[in-house]
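The chain contents come next:
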Amino acid sequence: LTSQPYPRVKVANIRNLRVGEPVSFNYPDEHSPAVLIKLGERAYGGVGPDGDIVAFSSLCTHMGCPVSYSKKRFVCACHYSMFDPAKNGQTYQGHASEWLPQIILRFEPSTGDIYAEGVEGLIWGRVRNVL
Ligand code: FES
């Protein structure tokens, strides 16, 4: 997966982020919804001065329902799977057995811009992440 030519996409600027307020975007293409979140606590794969900005595919790994961010977790309303955004999207409840795919981010300190640069894990419904 890591050898795929992932696009580099600007997702947000750190000045516009608030703790606990999710930012929706699409990555690596327009058919793949994702969410960026500033958690307010250090996270695995987190970027920014506090190491707390992470992003994930928002398609549940069970059957592809949209997950939503609430109270420091991603929750799927279809069968109540839950994923931990501070721990690489680890699933800890419900039907999903695969972790939520994590979007690899890069923070540019000079501008405050945050870019998406790759995906760890396979996005639901795909045979490869970059089609
Ligand atoms: Fe999310 Fe089933 S689709 S738990």
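Note that the structure is a prediction, hence the values are computed from the model and not measured.

What counts as what
Position numbers for residues start from 1 in each chain and track the written sequence from start to end. In keeping with the predicted nature of the model, local features appear solely for residues at pLDDT of at least 70, side-chain atom pairs appear and are counted solely at 80 or more, and the whole-chain, interface and lining totals rest on all residues. Water and hydrogen atoms were dropped before computing side-chain values, which therefore reflect all heavy atoms in the structure. Two strands form a pair only when DSSP identifies at least two bridges running between them. Comment: elements are numbered from the N terminus, with helices defined as DSSP H or I runs of at least four residues and strands as E runs of at least two. Each axis is a line fitted through C-alpha atoms, taken for helices only over the stretch in contact, and angles between the N-to-C directions span 0 to 180 degrees. Take a side-chain nitrogen of Lys or Arg and a carboxyl oxygen of Asp or Glu: if they are within 4 Å of each other, that pair is a salt bridge. A 1.4 Å probe rolled over the protein chains alone gives each residue an accessible area, and that area as a share of the maximum for its type sets the label: buried under 20%, exposed over 50%, partly exposed in between.

Draft legend 1. How the structure looks around the sheet that holds strand E3 (residues 33-38). Spatial strand order, E1-E10-E9-E4-E3-E2: 6 strands in an open sheet with antiparallel pairing. The sheet is open, and its two edges are formed by strand E1 (9-13) and strand E2 (23-26), each paired on a single side. For this sheet, the mean angle separating the axes of adjacent strands, direction not counted, is 35°.

Draft legend 2. Examining the pattern of salt bridges more closely. Applying the stated criterion across every chain, the model contains 8 salt bridges. As a salt-bridge pair, arginine 8 and glutamate 117 come within 2.7 Å of each other at their nearest N and O atoms. Residue arginine 8 is located in the segment before E1, and its partner glutamate 117 is located in strand E10 (residues 113-120); the two are separated by 109 residues in the primary sequence. Using a relative accessible area of 47% as the deciding quantity, one classes arginine 8 as partly exposed. On the basis of relative accessibility, which here comes to 24%, the residue glutamate 117 falls in the partly exposed class. For the salt bridge of arginine 106 with glutamate 117, the shortest nitrogen-to-oxygen distance reads 3.0 Å. Residue arginine 106 is found in strand E9 (residues 102-108), and its partner glutamate 117 is found in strand E10; the two are separated by 11 residues along the sequence. Each of Arg8, Arg106, Glu108 and Glu117 takes part in a single network of salt bridges with overlapping partners.

Draft legend 3. Examining the sheet that holds strand E6 (residues 73-76) more closely. Ordered in space as E5-E6-E7-E8, the 4 strands form an open sheet in which the pairing is antiparallel. A single partner strand is all that each edge strand has here, and the edge strands are strand E5 (67-70) and strand E8 (90-93). On average, each strand axis in the sheet is tilted by 35° relative to the strand beside it, whichever way the strands run. As defined by bridge partners, E5 adjoins E6 across 4 bridges and the pair is classed as antiparallel. Residue pairing for E6: serine 68 is matched across the bridge by valine 75.

Draft legend 4. View of unusual backbone geometry. For the bond from tyrosine 27 to proline 28, the omega torsion is 0°, close enough to zero to count as cis. Relative to the helices and strands, proline 28 resides in the loop between E2 and E3. Look at lysine 71: it is not a glycine, yet its phi comes out positive at around 55°. With respect to the helices and strands, lysine 71 occurs in the loop between E5 and E6. Residue tyrosine 80 is not a glycine yet carries a positive backbone phi of 65°. Turning to its location among the elements, tyrosine 80 is positioned in the loop between E6 and strand E7 (82-84).

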